Amino acid sequence: MGKLSDAIYEVHYMDTIAGIDSPIHRVHPLVKLIVTVAYIWFTVSFNKYDVTGLITMVVYPVALFSLSGISFGHSIKKLRVILPFVILMGILNPFFNREPLFLLYGITITEGMVSGLTLLIKGILTVLGGYLLISTTRIEAICYALNLLRVPEILVTQILLTYRYITVLLSEANHIFEAYSLRAPSQKGIHYKVWGSLIGQLLFRSIDRATGLYDAMVLRGYNGNFRHSQLPKARWQDSAYLLVWMAAFAVLRYTSLTALIGSLFVR
Amino acid sequence: MHMADALLSPAVGGAMYAASAVTAIYSVKKVKEDFSPKKVPVMGVMGAFVFAAQMINFSIPGTGSSGHICGGILLAALLGPYAAFLSMIAILLIQCLLFADGGILALGCNIWNMAFYACFFGYFCLYKPIIKNGMSRAKIVLASVLGCVLSLQLGAFSVALETTISGISELPFSVFVAAMQPIHLAIGTIEGLITAAVLIFVFETRPELLNAEATENKFSLKKVLVIMGIVVVLVGGALSLVASSNPDGLEWSIGQVTGKDELDTDVSVHAALADVQEKTAVLPDYSFGNDNIAGTSFSGIVGSGLVAGLCILLAVIFGVYKKKKKADVEKT
Amino acid sequence: MSHHHIICSNVSFSYDKSFEILHEISFTAGHDDAIGLIGANGVGKSTLLRILVGLEMEFTGEVSIGEIKVTKKTLPRVREKIGYVFQDSENQLFMPTVYEDIAFAPRNYGLDSDQVEERVRHALDLIDIDYLKNKQPYKMSGGEKKLAAIATILAMTPDVILMDEPTIALDPRNRRRLINILNNLDHIKIIASHDLDMVLETCNRVILMSEGKIIADGETREILTNRELLEANGLELPFCLQGETGVSYKPSVPHTHIHL
Amino acid sequence: MSHHHIICSNVSFSYDKSFEILHEISFTAGHDDAIGLIGANGVGKSTLLRILVGLEMEFTGEVSIGEIKVTKKTLPRVREKIGYVFQDSENQLFMPTVYEDIAFAPRNYGLDSDQVEERVRHALDLIDIDYLKNKQPYKMSGGEKKLAAIATILAMTPDVILMDEPTIALDPRNRRRLINILNNLDHIKIIASHDLDMVLETCNRVILMSEGKIIADGETREILTNRELLEANGLELPFCLQGETGVSYKPSVPHTHIHL
Ligand SMILES: Nc1ncnc2c1ncn2[C@@H]1O[C@H](COP(=O)(O)OP(=O)(O)OP(=O)(O)O)[C@@H](O)[C@H]1O
Ligand SMILES: Nc1ncnc2c1ncn2[C@@H]1O[C@H](COP(=O)(O)OP(=O)(O)OP(=O)(O)O)[C@@H](O)[C@H]1O
Ligand SMILES: [Mg+2]
Ligand SMILES: [Mg+2]
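Residues numbered from 1 in each chain as written. Chains lettered and ligands numbered in written order. Predicted model: local features only at pLDDT ≥ 70, side-chain atom pairs only at ≥ 80, totals over all residues. Heavy atoms only, no water.

Visitor: Any details on the overall build of chain B? Residues and values, ideally.
Guide: Across its full length, chain B carries 12 helices and 2 strands. Secondary structure elements of chain B occur, N-terminal to C-terminal, as α-α-β-β-α-α-α-α-α-α-α-α-α-α. The buried share of chain B, taken over its 332 residues, is 52%. Taking all contacts inside chain B whose residues are at least 6 apart in sequence as the whole, residues at least 24 apart take part in 75%. Surface exposure of chain B reaches about 14400 Å², of which carbon and sulfur atoms provide 68%. (Helix = DSSP H or I, 4+ residues; strand = E, 2+ residues; numbered from the N terminus. Buried < 20%, exposed > 50% of the residue type's maximum accessible area, 1.4 Å probe, protein only. Contact = heavy atoms within 4.5 Å. Areas by Shrake-Rupley, 256 points an atom, 1.4 Å probe, with all protein chains shown as cover.)

Shown next as structure tokens:
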């Protein structure tokens, strides 16, 4: 099925781009995590009628795409997952709030129109913010950062193991689905009579895999905790990165920068 | 049903993070109590299994559409509710990071809406009591369908609630709820049936997989209700606190700290630049009447355009720089 | 009936745009061909089989199976004609019992229950695994699963049978049994395998692949006795032809004991 | 150093009480033994290996590895001495890169990062797969995965190496490479396999199992040339000894074409 093989491709792709080297990739994962969360936090905190303020937040993705060398094109694909729902909500806004806000060349701009627009922009910016984290930081590094934040070991291990096994199980599911579709060539989904046994077989295979994996780990001295490897060390650049962005976000958020710049030209 | 960051205010996102974190910490404690190290990899693989199984389309008889499995209930039946909750967190985190399904700020909400209700409410209040005195096909179907439907209803309701309290969408709460609940009734039923089909298959072929955890979680409805009560009060309190104030949560919280209602940090900067503005203004003075917002907005639009232009310029410069660097590397 | 049942012309394919896995593959197969598809790990044997059965559609070039060109539209019709046995046949069995699994395809083609029964019986007899019919797949040994997977294919009454590494994990007796079954089937067969001894016994024709291209296509004996050709492409003579001298294929590294 | 590194006496085992998979297995292995463990599908070869490495503990009888009796208590010490390569080595690689995977065991044994580095380097060199070290396991071919799995074992510096079907899915060149590696390792080796040609080239001794019992235990050449013995236990002569006559092992079923 397209969906499954797409997902496999996606995991491989993300793994690859997160593994390349760039100034952004080299930043300490904890710093990147904090900056990302702050970025999203500041972005969504803009007032829903403050389109112009919100626009300035585009500085962050632009800078990171440029510095990291991650292609912008692929991130557009990511937008399509969550954006439809956001767009739906945004499109409804003009209908539910018709308070006029101002006139622009004779067209009445309502509050609903503006808030719909900010919703859309927030949707895009927040997705890009998350994308820029995961495309410049490997999952292992993010888990290390979570560790530093004192997220319980058992949960971090859980995330790592799930991630590790996603590709394996996706391809097993893909395989079983292919086998199904070869013998039921004209069906789109799994027939209801087969629901239980098909997924059940996949489940048993997963459990067998889990047992095998566990055996392999135990035989090599595993005792309950993953040992993190090649731990990144914090450097002065990391603090600088953190400070610069935090300051930038604060400025973008609390000064109407666009209005200021614009007002240099408009009276 | 994944929430997006854009639909949330920081305060709501933060409150839901806190609620989910409390539940997660409690679950970690419970899982550790009867900790067998063998369970950790099983949890990992089961998480990945649900992830993969959710991507398989099941055709729904009589319609052209398709459904998916309900991961929370299935995991809870196989691993027990606490381990299932942790597994679901891992799944949701990976979905959010890798597939941009959900958002980083919305993760707390998504854990709550999709993992909490299924793993705890659906499991303890429905699945478990029904299954308690022995299993049968009919009981499994009933338990799974009820469990899925109710946890999805609660989840959908929470989505509407969280969105409305965040105040970002203009959609009235009633309309939102009226749209969400019936859709999720249908979805829940289908998910329940698929989940039941899988559980029946497991029950009839390798029942030990289901029974193993039945003995190990001593069920006490009272205890669960107490826990749930506490959590609901916590979340409810946090949310209503937010709701009663300005929906713009960050401004609200900073306002609390500084004791001011409004932030006017930019006022002095404005004054300082007023002079410059006088001299550099190249656009004619448009009249927007007395509407201040409109005035700001227009210069805002102009400013945005400039910022965007600057950004593109920067990107181009970076691009050229990078290409040059690459060429240099290739040369050497 | 057409003379050429499978026509593959100028087929090229890549998984991600970057690297071409198959490059301009062309061959035809008549209705009495049993073709061994051989080549080193990763040359694209499995990929080629997947294209023939329409699991990968992003190829360039043309593939026809029994006069029908393989396109998105014709896929259901094409697949009815082909039986494909995966490398890991565990994944192919998804019904609760072997009987159900074999009956799955005939039921899908809308046969009535008598006809279905008849087809299943026939497939079980052919492979001689009547004793397995009520077993659950996950309780069976690797060899038994492989045999069951082949039975599910036969119940579809395909014109063409494609198999990916069918002898893997089988003990010599089960392998021998599989070879007998293959020799008794009167279908077009394409078998991808590293087990050259099996290819020698079951195929009349061999296609040797290397780096996504067909290097040689000819009579089995001719290719499988050509030591230089095989070795140049990451293979060896079939063991039965190496004879005892096989043992003299000594490691090129001197045989010193290494202490860790 | 003891003369007998592995002692197995009167080991019996069943998964569920009902059916005894292994029955009174006794053998010893000295420190220069390379033992081929052969037998039909399902006789219990893999089970025996799992017992030796302490993955199944519910057996009766006694097992000692290098003077240490295998019990729940001694398990960690015993396991440090043993490297076990699974039948499906994909399951064995669970870290993001090959390097990390090889480093997993040394790190767990508490070595500092320099020592870990040293061990990994050594293992990579030994198998000559330095080029794989930064690869992700899921992007590697079957053969590469197998080689990586072996490297992870070597980094543990075990005394004993157990391998389950190591040559499965390898093309002839990779199989040859594996044989060379095996011949260059100076450990006690026990290799369970259906690839009797490989056993012939790598082992000095063969244990033949049937129905959970040891049927024969002796010099490789003696057992692997004994056609009656092998055929009575579901096996065949190694192909290289069958010679061209292998082809005359004709199906007992008459070679008629069957129309479905
Ligand atoms: N889903 C995939 N995505 C990307 N590359 C793939 C995928 N599947 C296979 N490949 C690559 O395509 C090439 C051909 O693979 P294929 O499985 O066809 O080889 P093969 O000839 O069957 O090898 P083997 O003898 O090991 O089975 C390999 O280099 C492999 O790494
Ligand atoms: N986990 C298990 N539970 C119950 N029975 C099992 C289990 N694993 C294996 N068996 C049974 O034990 C017997 C021996 O299995 P084992 O895997 O040891 O055989 P083997 O000699 O390795 O076979 P093969 O050559 O096919 O790998 C088989 O009959 C098998 O069905
Ligand atoms: Mg292949
Ligand atoms: Mg085995």
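Visitor: Outline the overall build of chain C, listing residues and values.
Guide: Across its full length, chain C holds 10 helices and 10 strands. Relative to the compact-globule value of 18 Å for 260 residues, chain C shows a C-alpha radius of gyration of 20 Å, a close match. In terms of principal-axis extent, the alpha carbons of chain C reach across some 65 × 40 × 35 Å. Looking at chain C as a whole, 60% of its 260 residues are labelled buried. Nonlocal contacts in chain C, meaning residues at least 24 apart in sequence, comprise 61% of its contacts between residues at least 6 apart. Split by element, the accessible area of chain C, about 10400 Å² in all, is 48% carbon and sulfur. Computed over 27 positive and 38 negative side-chain charges, the inter-centroid distance for chain C is 4 Å. (Rg over C-alpha atoms; globule rule 2.2 N^0.38 Å. Lys, Arg positive; Asp, Glu negative; His and termini not counted. Charge placed at Lys NZ, Arg CZ, Asp CG, Glu CD.)

Visitor: I'd like to hear about empty space enclosed by the protein, residue by residue, with values.
Guide: It is the rolling of a water-molecule-sized probe over the atoms that shows where space remains empty. Inspection of the entire model under this criterion finds 6 cavities of 30 Å³ or more. Looking at the largest cavity, its volume works out to about 560 Å³. Contributions of two or more residues to the lining of the largest cavity are made by α6 (172–184), α7 (196–202) and α10 (239–242) of chain C together with α6 (172–184), α7 (196–202) and α10 (239–242) of chain D. For the lining of the largest cavity, the class distribution of residues is 16 nonpolar, 8 polar and 11 charged. Estimates place the volume of the second largest cavity at around 120 Å³. Residue lining of the second largest cavity: 16 residues in total, with A:Thr126, A:Val127, B:Ala100, B:Gly102 and B:Gly103 positioned closest to the centre. For the lining of the second largest cavity, the secondary-structure elements that each account for two or more residues are α7 (111–134) of chain A together with α4 (81–99) of chain B. With 6 residues, the single largest contributor to the lining of the second largest cavity is α7(A). Classifying every residue of the lining of the second largest cavity by side-chain character gives 10 nonpolar, 5 polar and 1 charged. (1 Å grid on protein atoms, 1.4 Å probe; cavity = no way out; pocket = protein on both sides within 12 Å on 5 of 7 lines; lining within 4 Å. Points joined across faces, edges and corners; volume = space filled by probe spheres on them. Nonpolar A, V, L, I, M, F, W, Y, C, P; charged D, E, K, R; others polar.)

Visitor: Go over the pairing of strand β3 (residues 34–38) of chain C with me, naming the residues and quoting the values.
Guide: Residue and element names in this part refer to chain C. Among the 5 residues that make up β3, 5 are buried, leaving the element largely enclosed by the rest of the structure. Burial along β3 is two-sided: Ala34, Gly36 and Ile38 facing one way and Ile35 and Leu37 facing the other are all buried. Note: β3 against strand β8 (residues 188–192), 4 bridges, orientation parallel. Each bridged residue has a counterpart across the sheet, and for Ala34 the counterpart in β8 is Lys189. Bridge count for β3 against strand β9 (residues 205–210) is 4 bridges, and the pairing is parallel. Considered in β9, the bridge of Ile38 is made with Leu208. (Pairing = 2+ DSSP bridges.)

Visitor: How would you sum up the packing of aromatic side chains? Please name residues and give values.
Guide: Residues and elements named next belong to chain B. Overall, the coordinates contain 33 aromatic pairs over all chains when judged by the stated rule. Ring geometry for Trp112 against Phe116: centres 4.0 Å apart, planes inclined by 5°, an arrangement best described as stacked. With Trp112 and Phe116 both in helix α5 (residues 107–131), this residue pair falls 4 residues apart, about one helical turn. Like Phe116, Trp112 is buried. Relative to Phe120, the ring of Phe116 lies with its centre 5.5 Å away and its plane at 40°, an arrangement referred to as tilted. Remark: Phe120 and Phe116 occur in helix α5; sequence separation between them is 4 residues, near one turn of the helix. (Phe/Tyr/Trp six-rings, centres within 6.5 Å; stacked < 30°, edge-to-face > 60°.)

Visitor: I'd like a description of helix α4 (residues 113–127) of chain C, backed by residues and values.
Guide: Residues and elements named next belong to chain C. In this model, α4 (15 residues) spans 21 Å end to end at C-alpha, consistent with the 21 Å of a helix rising 1.5 Å per residue. When α4 is considered as a whole, its buried residues turn out to be Val116, Val120, Ala123, Leu124 and Ile127. All buried residues of α4 fall inside an arc of 100° around its axis, so they share one side. Pointing more than 90 degrees away from the buried face of α4 are the exposed residues Asp114 and Glu118. The elements touched by buried residues of α4 are α3 (98–108), α5 (142–154) and α6. At the C-terminal side of α4, Asp128 shows a positive phi close to 65°. (Expected span 1.5 Å × (residues − 1). Arc of directions from axis to C-beta.)

Visitor: I'd like a description of the site of ligand 2, backed by residues and values.
Guide: Residues and elements named next belong to chain D. Residues in close proximity to ligand 2 include Tyr15, Ile21, Asn41, Gly42, Val43, Gly44, Lys45, Ser46, Thr47, Gln87 and His194, which together make up its full environment. Between an oxygen atom of ligand 2 and a side-chain N or O atom of Ser46, the distance comes to 2.6 Å. For ligand 2, whose accessible area on its own is 640 Å², the fraction buried by protein is 63%. The residue makeup of the shell around ligand 2, split by class, is 3 nonpolar, 7 polar and 1 charged. (Near = heavy atom within 4 Å. Polar contact = N/O pair within 3.5 Å; in protein donor to acceptor, adjacent residues only side chain to side chain.)

Visitor: Could you give an account of the site of ligand 1, naming the residues involved and the relevant values?
Guide: All names here are of chain C. Neighbouring residues of ligand 1: Tyr15, Ile21, Asn41, Gly42, Val43, Gly44, Lys45, Ser46, Thr47, Gln87 and His194. At 2.9 Å, a side-chain N or O of Asn41 approaches an oxygen atom of ligand 1. At 2.9 Å from an oxygen atom of ligand 1 is found a main-chain nitrogen or oxygen belonging to Gly44. Within the complex, the protein chains bury 64% of what would otherwise be the 640 Å² of accessible surface of ligand 1. Per-class residue counts for the shell around ligand 1 are 3 nonpolar, 7 polar and 1 charged.

Visitor: Tell me about a nonpolar patch on the surface, and please be specific about residues and values.
Guide: A cluster of nonpolar side chains, namely A:Ile87, A:Ile91, A:Phe95, A:Phe96, A:Leu117, A:Leu120 and B:Val175, defines an oily patch on the protein surface of about 590 Å² accessible area. Those elements that place two or more of their residues in the nonpolar patch are α6 (72–96) and α7 of chain A. Summarising the element assignment, A:Phe96 is placed in helix α6. (Patch = residues over 30% accessible without salt bridge, like charges linked within 9 Å, V, L, I, M, F, W, Y side chains within 5 Å. Salt bridge = Lys/Arg side-chain N within 4 Å of Asp/Glu carboxyl O.)

Visitor: Requested: an account of the pattern of salt bridges, with residues and values cited.
Guide: Side-chain pairs of opposite charge can arise where the charged atoms are in close proximity. For the structure shown, the criterion picks out 37 salt bridges over all chains. For A:Glu172, the salt bridge is made with A:Arg205, and the minimal N-O distance between the two is 3.9 Å. Remark: A:Arg205 occurs in helix α10 (residues 195–219) and A:Glu172 occurs in helix α9 (residues 153–183); sequence separation between them is 33 residues. Assigned by exposure class, A:Glu172 and A:Arg205 land together as buried. The salt bridge involving C:Asp33 is made with C:Arg205; its shortest N-O contact spans 2.8 Å.

Visitor: If you had to explain the confidence of the model for chain C to someone new, which residues and values would you point to?
Guide: Residues and elements named next belong to chain C. Mean pLDDT for chain C: 85, with 92% of residues reaching 70 or above. This model gives residues 245–260 a pLDDT under 50, and the stretch forms 32 contacts once residues within four places in sequence are excluded. Among the prediction metrics, the complex's ipTM stands at 0.79, with pTM recorded as 0.78. (pLDDT = per-residue confidence, 0-100.)

Visitor: Which residues make up the sheet that holds strand β7 (residues 160–164) of chain C, and what are the values?
Guide: Residues and elements named next belong to chain C. Ordered in space as β6-β7-β8-β3-β9-β10, the 6 strands form an open sheet in which the pairing is mixed. Here the strands that pair on one side only, and so sit at the sheet edges, are β6 (82–85) and β10 (213–219). In this sheet, adjacent strand axes meet at a mean angle of 15° when their direction is disregarded. Across 4 bridges, β6 lies against β7 in parallel orientation. Residue pairing for β7: Ile82 is matched across the bridge by Val160. (Axes fitted to C-alpha atoms, helices over the stretch in contact; angles between N-to-C directions.)

Visitor: Account for the packing of helix α3 (residues 71–79) of chain B against α4(B), with residues named and values stated.
Guide: Residues and elements named next belong to chain B. Relative to each other, α3 and α4 sit at 140°, their axes nearing to 7 Å. Taken as axis vectors, α3 and α4 run oblique relative to one another. For the crossing formed where α3 meets α4, the hand is right-handed. Contacts between α3 and α4 involve Gly71, Gly72, Leu75, Ala76 and Leu79 from the first element and Pro81, Ala83, Ala84, Ser87, Met88 and Ile91 from the second. Here the contact of α3 with α4 is built from residues that sort into 8 nonpolar, 3 polar and no charged. (Parallel < 35°, antiparallel > 145°, perpendicular 65-115°, else oblique. Left-handed = near helix turned anticlockwise from the far one by under 90°.)

Visitor: Got a sec to walk through the sheet that holds strand β7 (residues 160–164) of chain D? Specific residues and values, please.
Guide: Residue and element names in this part refer to chain D. In space, the 6 strands of this open sheet follow the order β6-β7-β8-β3-β9-β10, with mixed pairing throughout. With partners counted over all chains shown, the strands left at the sheet margins are β6 (82–85) and β10 (213–219), one partner each. Along the sheet, successive strands turn relative to each other by an average axial angle of 15°, direction set aside. Bridging between β7 and strand β8 (residues 188–192) involves 5 bridges; their strand directions are parallel. Within β8, the position partnered with Val160 by the bridge is Ile188. Sheet contacts for helix α1 (residues 45–52): β3 (34–38), β6, β7, β8 and β9 (205–210); angle to β7, the most-contacted strand, approximately 150°. Contacts between helix α5 (residues 142–154) and the sheet are confined to β6 and β7, with β6 contributing the most and set at about 170° to the helix.

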